[in-house]
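Below, each chain spelled out in residue letters.
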Amino acid sequence: LDVQLADRFEAEHMFAVMESDDLESAIPPKGNQPYNLKDLETARRFKQAGVSYLLVTTLEDLKNEIVDKAQGRVAYQTDRANLQGERRKSKNETDSAVASSAQKTQGQFDAHRVIEQSVFLTVRCRLFDVASGNLLDSANYSFATNRTYIALAQGSKEVSAIDLFEVAAKNISAWAVARELEAVFPITVLEKNDKEITINRGSDSGLHLGQVYNLYAIGKEIKDPVTGEILGHD
């Protein structure tokens, strides 16, 4: 997931990405605790490293479920066998034919089983502004995918889910990058021509036909009268 996120962010050409290993080398965390951006020393180190935003991703849930949809059945095959024999004529016997019939039953296991494999992934993404330490965005996203395959009853019934997890990671990364781009660089009107407007986003950023947005203008800056902290805009 980390690799997919880094590649996707780089592909947007709007961020330079410092991956987690490089970040921990430049700014060692204190134990297993997450970075405290309200700490002045930590904030100073981030500034020295040239980091403007910190994206914290947490894997909340991961499942790889295997369901055997067809239990091994026993199939029976029945054959009818006709046995005929001829007894030789003897002194006191007449020719006779001896016939007998028998029923032969054979059982065998069904060689195939139908297996359904499902992968579930839930990720939490939080984006922080390093300069202020404020949380800009926080959201959870769940992704599920599945497939059905045939497995031999006597063989392994489990197929590696690596490719399914890779699909999930790509899907989650696309969602995360589109969301965080919007948090840092909001969708903006570039031009208005009568009732038609041009915005700074396209299908590559996750937009698709049928989406509905509220359009608003940014008003005056709102400041906390006690702390002086900028809370946003009207």
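Details of the structure are given in the entry above.
Residues numbered from 1 in each chain as written. Predicted model: local features only at pLDDT ≥ 70, side-chain atom pairs only at ≥ 80, totals over all residues. Heavy atoms only, no water.

A separate point is the nonpolar core. Among the nonpolar cores identified, the biggest contains 13 residues, and Cys125, Ile172, Trp175 and Ala176 are the most heavily contacted of them. Among the secondary structure elements, those contributing two or more residues to this core are helix H1 (2-11), strand E4 (112-129), strand E5 (135-152) and helix H4 (162-184). Ranked by the residues each element gives to this core, the list is headed by H4, at six residues. Those residues in contact with Cys125 that lie beyond four places of it in its chain are Leu55, Val56, Thr57, Asp137, Ser138, Ala139, Trp175, Ala176 and Glu180. (Core = buried A, V, L, I, M, F, W, Y, C linked by side-chain atoms within 4.5 Å. Buried < 20%, exposed > 50% of the residue type's maximum accessible area, 1.4 Å probe, protein only. Helix = DSSP H or I, 4+ residues; strand = E, 2+ residues; numbered from the N terminus. Contact = heavy atoms within 4.5 Å.)

On the surface, a cluster of negative charge is made up of Asp2, Asp7, Glu10, Glu19, Asp21, Asp22 and Glu24. Listing elements by their share of the negative patch, those giving two or more residues are H1 and helix H2 (20-26). With respect to the helices and strands, Asp2 occurs in helix H1. By relative accessible area, Asp2 is classed as partly exposed at 43%. (Patch = residues over 30% accessible without salt bridge, like charges linked within 9 Å, V, L, I, M, F, W, Y side chains within 5 Å. Areas by Shrake-Rupley, 256 points an atom, 1.4 Å probe, with all protein chains shown as cover. Salt bridge = Lys/Arg side-chain N within 4 Å of Asp/Glu carboxyl O. Lys, Arg positive; Asp, Glu negative; His and termini not counted. Charge placed at Lys NZ, Arg CZ, Asp CG, Glu CD.)

Applying the stated rule across the entire model yields five salt bridges. For Glu41, the salt bridge goes to Arg44, with nearest N and O atoms at 2.4 Å. Residue Glu41 and its partner Arg44 are located together in helix H3 (residues 40-48), separated by three residues, close to a single helical turn. In this structure Arg44 comes out as partly exposed when scored by relative accessible area, which is 39%. Among the salt bridges present, the one from Asp163 reaches Arg147, with a minimum N-O distance of 2.7 Å. Here Asp163, found in helix H4, pairs with Arg147, found in strand E5; they are 16 residues apart in sequence, far enough to count as distant. By relative accessible area, Arg147 is classed as partly exposed at 22%. In this structure, a network of salt bridges that share partners links the residues Glu41, Arg44 and Arg45.

As a further point, take unusual backbone geometry. With phi around 60 degrees, His13 is a residue other than glycine that occupies positive phi space. Looking at His13, the relative accessible area reads 71%, which means it is exposed.

What follows is about the pairing of strand E6 (residues 189-193). Across the five residues that make up E6, only a small minority, zero, are buried. Taken together, the four bridges between E6 and strand E7 (residues 196-199) define a ladder with antiparallel strand orientation. Pairing of Glu191 across the sheet is with Thr198, part of E7. (Pairing = 2+ DSSP bridges.)

With respect to the helices and strands, Lys223 occurs in strand E8 (residues 221-223). Separated by ten residues in the primary sequence, Lys223 and His233 have C-alpha atoms spaced 8.7 Å apart. Residues in contact with Lys223, not counting those within four places in the same chain, are Gly228, Glu229 and Ile230.

Now for the packing of aromatic side chains. Scanning the entire structure with this criterion turns up five aromatic pairs. With centroids separated by 5.2 Å and ring planes inclined at 85 degrees, the aromatic side chains of Tyr35 and Phe46 adopt a geometry described as edge-to-face. In this pair, Tyr35 sits in the loop between H2 and H3 while Phe46 sits in helix H3, placing the two residues eleven residues apart along the sequence. Taken individually, Tyr35 and Phe46 each receive the classification buried, so the pair is uniform in this respect. (Phe/Tyr/Trp six-rings, centres within 6.5 Å; stacked < 30°, edge-to-face > 60°.)

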